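Below, each chain spelled out in residue letters.
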Amino acid sequence: METQITARKAAAAPRREPLRLRTEFRAIMYLMPFLIPFAVFYLWPVYRGIWMSLHVWGIRGMEKYVGAANYEKIFNNPDFYLYLWHSFYFVLLCTPTVIVLGLILALIINQRILFRTAIRSAFFLPYVLSVSVISFIWLHLFDAKNGPVNALLGLLGAGHPNWLTDRGLVWWAITIVTDWWTVGFVMVLFLAGLQEIPPDHYEAAKIDGAGAWQRFRHITMPGLSSVMKIQIFYQVIGSLKLFGQVQIMTGGGPGDSTNTMIRYIYVTGFKKDMFGLASAQSIVFCVIMLMIAAIQFKLTDRKDG
Amino acid sequence: MKRWLLNIAAALLALLFVFPLVWMLLVSLKPDGTTVYSLSDWVDWSGLNADNYAKVIRDSQILRWTWNSVVIGVLTTVIAVLFSSLAAFAFSKLPFRTRGLFFVLIASGLLIPTEAILIPLYETALHLKLIDNIWAIILPGLTNPIGILLLKQFMDGVPRDYLEAAQIDGSRSFGLWWRVCLPLTRSAMISVGIFYFILSWNNFLWPYLSITSAENMILSAGLPTFLSNNTMSLNLIMAASAIAAIPTIIVFVLLQRHIVQGVSMSGVKG
């Protein structure tokens, strides 16, 4: 049987249409296993969220259609602007620090240093831990009375700041935790970018008498520009989604000072049982994120052309 | 350039990075109720023991959560990678007319993050009676399009001649995927798989919302429940954190080449 088919196929071996799979149906069957969960757990919720945002909606289901009233409520509530600002504030703190630190680590690892793989692993290791683990560890590292961070500051003669309860410091504490946690990811992407830069460019520059800074400025930085754009993009969007660290480490406090947009949505929906309003908040926030993504895309695109 | 200076700086930085993890381990091994504060606490290794681990395991459901994390992680990863690979095969090797349309539809999944659809996702899961069920975590975990995009790139590299040869040998399209494309993209699948496993293992917000009873929780969402339990000492909390952290650290150390490859693939090409 098998050989028969083989022989027939070989004999008929069509030159131009070798795969003969030009059927929509068959191709779509291959997409189905992915498309079914994708439709149910992604496309439907996206649509459903828009629908829910137009209603008063509780855990028991729809109560009544209210049109744009939820959106009006959002824009009339000063909390919204405050929490939106908190989310942006975190982007402003976290994105530049994690990118600069990641670049420095990548530049170090890219050199011929001792124990290179082990050191690279040390930088990357925190990234594989869950937000609960990293938050637990740092919750106690930042402990005002017994924490090692303050013990170290004590040795240096500094005071004992209350990292997690001082409004001025708490965002720095969360930034430090997040940088430590995620910088390995940034480093790995920069490393991949650095390895794409042809070594002879450096050789040529050296022969022309370019110093280390000039080589960094004129070869490394332009060579990394595409990776840099992707990184900034990732970090801005990723930082806007801050939730776990503040939920576990500060509970949004002290006061309301570390409440972010995602936590606002979570509290509105799940603590206050206002699903409709929370859906509207999600949509507004999502539109803001998409706008930021589009602006970044436009800005970085124009520089290329 | 002073290479020794660079070496020292790198080593010091690396130590600084692992310090929090070493601290976690040290505190977790100290007798219950003792702290690690002064320098002498660091060098006093006299009473180190694993009692805190035994106590956490006995008094909480942490082993159950670990098991759930493993089951959910493995199922999500295996199913997601296979489904992504099938879709990637269609996009890469089957020239169907609506390909562009479907590709844009699926890639649009990268635009809107899960965080933005939490409320309707919860409502959907509620209607499907999935709340407090491990499938509430697994099924939405299958919708990540990144695997399709990455695997498609690798399948594009499978030469057409191979497929033609296999077809002449009697393979239908399913066989082309299973016998030709799957083995040839194995290393990319492993990288994507490890990436998915870590995402699943560390997934926090959605499991935190969708699972309500203690026995169905996963590690990342279960750990924070210790915070509301005031009787837990620092030593016990660090032992619990270590139980959650050690499996991923072991996986990382064993498979770091693939993990680093997977991460750089997802960033540079995605």
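Residues numbered from 1 in each chain as written. Chains lettered and ligands numbered in written order. Predicted model: local features only at pLDDT ≥ 70, side-chain atom pairs only at ≥ 80, totals over all residues. Heavy atoms only, no water.

Quick look at the UniProt feature "transmembrane region" (unreviewed entry) in chain A
Stage number 1. Those residues carrying the UniProt feature "transmembrane region" (unreviewed entry) are residues 25-44, 88-109, 121-141, 169-192 and 275-297 of chain A in this numbering.
Stage number 2. What you have in residues 169-192 of chain A is 96% helix and 0% strand, and the ends, taken at the C-alpha atoms, are 34 Å apart. (UniProt positions renumbered as here; feature names shortened; annotations may be inferred. Helix = DSSP H or I, 4+ residues; strand = E, 2+ residues; numbered from the N terminus.)

Focus on the interface of chain A and chain B
Stage number 1. At the interface, 90 residues of chain A touch 95 residues of chain B.
Stage number 2. Each partner contributes to the roughly 8,800 Å² buried at the junction of chain A and chain B, and carbon and sulfur atoms together form 76% of this total.
Stage number 3. In this structure, the connection of chain A to chain B is made through two salt bridges.
Stage number 4. E115 of chain B serves as the salt-bridge partner of K241 of chain A, at 3.9 Å between the closest nitrogen and oxygen.
Stage number 5. Summed over the shared surface of chain A and chain B, the number is 17 residue pairs in polar contact (both at pLDDT 80 or more). (Contact = heavy atoms within 4.5 Å. Buried area = accessible area lost by both parts, 1.4 Å probe. Salt bridge = Lys/Arg side-chain N within 4 Å of Asp/Glu carboxyl O. Polar contact = N/O pair within 3.5 Å; in protein donor to acceptor, adjacent residues only side chain to side chain.)

With respect to the UniProt feature "transmembrane region" (unreviewed entry) in chain B
Stage number 1. When the UniProt feature table is mapped onto this chain numbering, "transmembrane region" (unreviewed entry) sits at residues 65-89, 101-122, 134-155, 176-199 and 236-255 of chain B.
Stage number 2. Counting secondary structure, residues 176-199 of chain B comes out at 96% helix and 0% strand; the distance between its end C-alpha atoms is 30 Å.

Observations concerning a nonpolar patch on the surface
All names here are of chain B.
Stage number 1. Together, W4, L5, I8, L12 and L15 make up a nonpolar patch on the protein surface, roughly 550 Å² of accessible area in all.
Stage number 2. Tracing the sequence through the fold places L15 in helix α1 (residues 3-29).
Stage number 3. By relative accessible area, L15 is classed as exposed at 55%. (Patch = residues over 30% accessible without salt bridge, like charges linked within 9 Å, V, L, I, M, F, W, Y side chains within 5 Å. Areas by Shrake-Rupley, 256 points an atom, 1.4 Å probe, with all protein chains shown as cover. Buried < 20%, exposed > 50% of the residue type's maximum accessible area, 1.4 Å probe, protein only.)

Considering the UniProt feature "domain: ABC transmembrane type-1" (unreviewed entry) in chain A
Stage number 1. The positions that UniProt labels "domain: ABC transmembrane type-1" (unreviewed entry) are, in the present scheme, residues 84-296 of chain A.
Stage number 2. Between the first and last C-alpha atoms of residues 84-296 of chain A the distance is 18 Å; the span itself is 74% helix and 0% strand.

Re the pairing of strand β1 (residues 55-58) of chain A
All names here are of chain A.
Stage number 1. Relative to strand β2 (residues 61-65), β1 is paired through four bridges, and the arrangement is antiparallel. In the sheet register, G58 faces β2, and the bridge partner there is G61.
Stage number 2. The hairpin formed by β1 and β2 contains two residues between the paired strands. (Pairing = 2+ DSSP bridges.)

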